[in-house]
Amino acid sequence: DKLHRHHGFQIHLSACPNGCSRPHIADIGFIRACVPSVDADTCTSCGDCAESCPDTAISMESGLPEIDFDLCMRCGHCVHICPVESMHSVEEGWRVLVGGRLGRHPKLAQELPGLFSDEQALDILGRALHLHMDRYGQRKRFGAVLDETGIKTLLEPSA
């Protein structure tokens, strides 16, 4: 039986939430992210952050930037656009997405909760690879393994 590219375990990395490198459809994907915050004492209320936010996650209703974290993709654009550096990152790390696939039964990856440091992301990758190898079956995608075990298995320390 011929082994095809899509039978392998696919890992994709992206530096922005647009995911041009396809982390949302990989077995495991990583997206670099940061959690923005505003320093009210130095903010000039110019509104550049709100005007330029690609996800309209920042409003200026109170005169100061207010971030809606349900809409925020944690891309850091607001941090880089602020002319007086009032917007800053309070946490940086990786968003981790697991179990994505294309094909006959496509499915977008599920995102693990939180942001992960480089070390934590590598640990999760190691757990994912071990889980996949332990439960590997002919043409069985990693998403099917996660359907059986649940994604929480990737967050639990290995025994």
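First, a word on what this report is: a plain description of the structure on this page. (Residues numbered from 1 in each chain as written. Predicted model: local features only at pLDDT ≥ 70, side-chain atom pairs only at ≥ 80, totals over all residues. Heavy atoms only, no water.)

In this description, a pair of aromatic rings is defined by centroid distance and the angle of the planes. By the definition in use, this model includes two aromatic pairs. Seen in terms of ring centroids, Phe9 and Phe142 are 5.2 Å apart; in terms of plane orientation they differ by 65°. Their pairing is edge-to-face. Here Phe142 lies in helix α4 (residues 142-149) and Phe9 lies in the segment before β1 (11-14), a separation of 133 residues in the sequence. The exposure class assigned to Phe142 is buried, which follows from its relative accessible area of 0%. Ring centres of Phe30 and Trp94 lie 6.4 Å apart, and the angle between their planes is 85°; on these two criteria the pair is classed as edge-to-face. (Phe/Tyr/Trp six-rings, centres within 6.5 Å; stacked < 30°, edge-to-face > 60°. Helix = DSSP H or I, 4+ residues; strand = E, 2+ residues; numbered from the N terminus. Buried < 20%, exposed > 50% of the residue type's maximum accessible area, 1.4 Å probe, protein only.)

Moving on, we come to the pattern of salt bridges. Scanning the model with the defined rule gives eight salt bridges in all. Note that Glu111 is salt-bridged to Arg95, the shortest N-O span being 2.9 Å. With a gap of 16 residues between them, Glu111 in strand β6 (residues 110-111) and Arg95 in strand β5 (residues 87-98) connect regions that are remote in the sequence. On the basis of relative accessibility, which here comes to 4%, the residue Arg95 falls in the buried class. (Salt bridge = Lys/Arg side-chain N within 4 Å of Asp/Glu carboxyl O.)

Along its 17 residues, helix α3 (residues 118-134) runs 24 Å from first to last C-alpha, staying within 8% of the 24 Å computed at 1.5 Å per residue. Ala121, Ile124, Leu125, Arg127, Ala128, Leu131 and His132 are the residues of α3 that are buried. Axial view of α3: buried residues confined to an arc of 165°, hence all on one face. Across α3 from its buried face, at more than 90 degrees, point the exposed residues Glu119, Leu122, Met133 and Asp134. On its buried face, α3 is in contact with β1, β2 (28-38), β5 and α4. (Expected span 1.5 Å × (residues − 1). Arc of directions from axis to C-beta. Contact = heavy atoms within 4.5 Å.)

Without other data, these values stay purely geometric and don't point to any function.
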